[in-house]
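# Close look at the chain arrangement
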Amino acid sequence: MPSTVAIVQARMGSRRLPGKSLADLGGIPVIEWVLRRLRTAASVDEIVLATSTLEEDDELAQVVASHGTSVVRGHPTDVLDRFVAAVDSVASADTVVRVTGDCP
């Protein structure tokens, strides 16, 4: 059966708004809004967070993992490397959807 995986790319090190992935939005972190919406998508079978190995992303990874979402951590500055690592972490996916973690 075909499967669709959503790879959410997020990190805490924004220049314009540091910490935006965990910023409070109506009492809920921005990343949680994104994950909630993805969970309602009938065509998404699995969600994976792709973030960096930097210490500043530790809390983000912990929050996402505590909500039952897989987390893949990769190169601090190479977004494509993180994305590929996240795709590789999924057993089989017919379709991969890239989602930015800061657009709830």
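The notes below deal with the structure included here. Every value quoted in this text rests on a predicted model; they were computed, and no experiment measured them. (Residues numbered from 1 in each chain as written. Predicted model: local features only at pLDDT ≥ 70, side-chain atom pairs only at ≥ 80, totals over all residues. Heavy atoms only, no water.)

One finds Val8, Ile31, Leu38, Leu49 and Leu60 to be the most contacted residues of the largest nonpolar core, which totals 16 residues. Only strand 1 (4-9), helix 1 (30-39), strand 4 (46-52) and helix 2 (58-66) provide two or more residues apiece to this core. Ranked by residue count, the leading element in this core is helix 1, at 4 residues. Excluding residues that lie within four positions of it along the chain, Leu49 makes contacts with Val8, Ala10, Ile31, Leu60, Ala61, Val64, Thr69, Ser70, Val71 and Val72. By size, the runner-up hydrophobic cluster in this structure holds 8 residues, among which are Val5, Ala50, Phe83 and Val90. (Core = buried A, V, L, I, M, F, W, Y, C linked by side-chain atoms within 4.5 Å. Buried < 20%, exposed > 50% of the residue type's maximum accessible area, 1.4 Å probe, protein only. Helix = DSSP H or I, 4+ residues; strand = E, 2+ residues; numbered from the N terminus. Contact = heavy atoms within 4.5 Å.)

Among all positions in helix 2, only Leu60, Ala61, Val63 and Val64 are buried. Taken around the axis of helix 2, the buried residues stretch over an arc of 165°, which confines them to a single face. Exposed residues lying more than 90 degrees from the buried face of helix 2 are Gln62 and Ser66. Each element contacted by the buried residues of helix 2 is listed here: helix 1, strand 4 and strand 5 (70-74). Following helix 2 by one or two positions, Gly68 adopts a phi angle in the positive range, close to 85°. (Arc of directions from axis to C-beta.)

Applying the stated rule across the entire model yields 0 aromatic pairs. Above the face of the Trp33 ring, Arg36 is positioned so that its terminal group lies 5.6 Å from the ring centre. (Phe/Tyr/Trp six-rings, centres within 6.5 Å; stacked < 30°, edge-to-face > 60°. Lys NZ or Arg CZ within 6 Å of the ring centre and 35° of its normal.)

Further remarks concern the pattern of salt bridges. All told, the structure shown has 4 salt bridges when counted by the stated rule. Linking Asp102 and Lys20 is a salt bridge whose minimum nitrogen-to-oxygen distance equals 2.6 Å. Placement of Asp102 in the segment after strand 6 (95-100) and of Lys20 in the loop between strand 1 and strand 2 (24-25) is noted, with a sequence separation of 82 residues between them. Across the pair Arg36 and Glu32 runs a salt bridge, and its minimum N-O distance is 3.6 Å. Of this pair, Arg36 and Glu32 both sit in helix 1, 4 residues apart, which is roughly one turn of that helix. The buried category is assigned to Glu32, whose relative accessible area is 6%. (Salt bridge = Lys/Arg side-chain N within 4 Å of Asp/Glu carboxyl O.)

Attention now moves to the sheet that holds strand 6. Within a beta sheet, neighbouring strands are joined by backbone hydrogen bonds and run either parallel or antiparallel to one another. Overall, parallel pairing links the 4 strands, which are arranged 5-4-1-6 in an open sheet. Looking at strand neighbours, the two that pair on one side only are strand 5 and strand 6, the edges of this open sheet. Sheet twist, expressed as the mean angle between neighbouring strand axes with direction ignored, is 25°. The pairing of strand 1 with strand 6 spans 6 bridges and is classified as parallel. Bridge pairing in strand 6 places Val5 opposite Val96. (Pairing = 2+ DSSP bridges. Axes fitted to C-alpha atoms, helices over the stretch in contact; angles between N-to-C directions.)

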